[in-house]
Amino acid sequence: MTVCAIEITTTARFAIAADGSYAARLAGDGEARYPERWTLAGPEPYAVPLPLAQPEEADSEVLALADGRVLIHRRVAERHAFALLYPTGGPGAGPRTGELVLGAVRPPSGTDGAEGVRVSLLPPSPDGHGAFALAVSDTESTVWQVAGGAFGPVARVPGRCSGGVWLDRTGRMLALDRTLDGTTKAVAVDLGRGGEVSPLLQIAEGSEDRLLLADPDSGLLLIRSDAPAAGEPRLGWGVLGSSRPVRFPECLRGEAGTPFAVQPGQALMPETCGVALRLEGGGIGLWRPADRHLFRLGAPAGWLGTGLWSPQGRLHLPYATAEVPCGITGLTLPVAPPPPVRLDPPPAAPRPVPLQQAPL
């Protein structure tokens, strides 16, 4: 199964690895929660529970890596701890869970312990092996590498940052939504150059411009901005590196949905990429920039809130119910209806002329 576009958040409790081979979620209810790994690269998906001696807290985060291990982020007292989980055990010993402790992010001196710093996992690195976290304080945001390399900070960005979107396939360019001086603008952070920060979205002076999703193959960017109408955030799209302005389709006007996947493999053809949106109320929206039409569909029972596209335009949606604890269903972007044909009214029929008035 081929990777979908890079997802902007891992807080949906179901995180898909960068290459689409594995996924992870925090399963269970109440005080009996445990990590669960899904294997997606096969004829049928299947899940492997990864419980430890002690159940996990409800606010723990998980992330699947391309090698099958699951990264877990836990809040322990005043620090944020990270570890890798993997299935183990020999014949006759039964399934067990191995754990490799990686390190912890501690609040800097002068802050109010763990309450003074918000730490969250960033989307999976495109290389499939690295993992990063974002630590946000009142005045500064720090990108930490927590797996796939030396544990530690790799970039410091002035201001409070949120979001997180990868702009390339190498895991070097990271986009963050930075709030500075009361305004939020998306910026690009170059992890290969010590965290160098450069502007990414500058739609209008004073506008709130956030990057929601990006596809490195086509350059398609999904944006939310209030530039078209002050105080009314709207969904728009643009192309990375293009000189053309961001477009805000009328079919997305007033739509508060959040894009979670975009069709990969459409090199240099951003208009043809299928985009999936998580709509308010639990529905799913399917849209393509070239069609200018949003299809609204009901979500499958037990849908886990995310999914991935194949290059052929098939959207795979994970779900879990009592009858099917590990399932994948598929959707295909419908064909947009043709634009209405405008017909000019026929010319008026000539008025009959009485015989006595007819010209000779």
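Just above sits the structure.
Conventions we followed
- Residues numbered from 1 in each chain as written.
- Predicted model: local features only at pLDDT ≥ 70, side-chain atom pairs only at ≥ 80, totals over all residues.
- Heavy atoms only, no water.
- Pairing = 2+ DSSP bridges.
- Helix = DSSP H or I, 4+ residues; strand = E, 2+ residues; numbered from the N terminus.
- Phe/Tyr/Trp six-rings, centres within 6.5 Å; stacked < 30°, edge-to-face > 60°.
- Buried < 20%, exposed > 50% of the residue type's maximum accessible area, 1.4 Å probe, protein only.
- Lys NZ or Arg CZ within 6 Å of the ring centre and 35° of its normal.
- Salt bridge = Lys/Arg side-chain N within 4 Å of Asp/Glu carboxyl O.

Peer 1: Residues and numbers for the sheet that holds strand β25 (residues 314-319), please.
Peer 2: Sheet architecture is open: 3 strands sit in the order β24-β25-β26, paired in antiparallel fashion. Lying at the two open borders of the sheet, with one neighbouring strand each, are β24 (308-309) and β26 (327-332). Pairing of β25 with β26 involves 6 bridges; the strand directions are antiparallel. If you follow Arg314 over to β26, its bridge partner there is Thr332.

Peer 1: Report on the packing of aromatic side chains, specifying residues and quantitative values.
Peer 2: In this structure the tally under the stated criterion is 5 aromatic pairs. Judged by centre distance (4.9 Å) and plane angle (80 degrees), the rings of Phe14 and Trp38 are edge-to-face. Here Phe14 is found in strand β1 (residues 14-16), whereas its partner Trp38 is found in strand β3 (residues 32-39), with 24 residues between them in sequence. A residue is classified by how much of its surface remains accessible, and Phe14, at 1% relative accessible area, is buried. Judged by its relative accessible area of 0%, Trp38 is buried. Aromatic pair Trp144 and Phe151: ring centres 5.9 Å apart, planes at 55 degrees, arrangement tilted. Owing to a relative accessible area of 16%, Trp144 belongs among the buried residues under this scheme. What links up through ring pairs into an aromatic cluster is the set Phe82, Trp144 and Phe151. Sitting over the face of the ring of Trp237, Arg247 holds its NZ or CZ atom 4.1 Å from the ring centroid.

Peer 1: Explain the pattern of salt bridges to me, and be specific about the residues and the numbers.
Peer 2: This model, assessed by the stated rule, comprises 16 salt bridges. In this structure, the salt-bridge partner of Arg74 is Glu56, at a minimum N-O distance of 2.8 Å. Of this pair, Arg74 sits in strand β6 (residues 70-76) while Glu56 sits in the loop between β4 (46-49) and β5 (61-64); the two residues are 18 residues apart in sequence, bridging distant segments of the chain. When sorted by exposure, Arg74 lands in the same class as Glu56, which is buried. Ionic pairing is found between Asp215 and Arg169, a salt bridge with its closest N-O pair at 3.8 Å. Of the two residues, Asp215 sits in the loop between β17 (209-214) and β18 (220-225) while Arg169 sits in the loop between β13 (160-166) and β14 (173-180), which places them 46 residues apart along the sequence.

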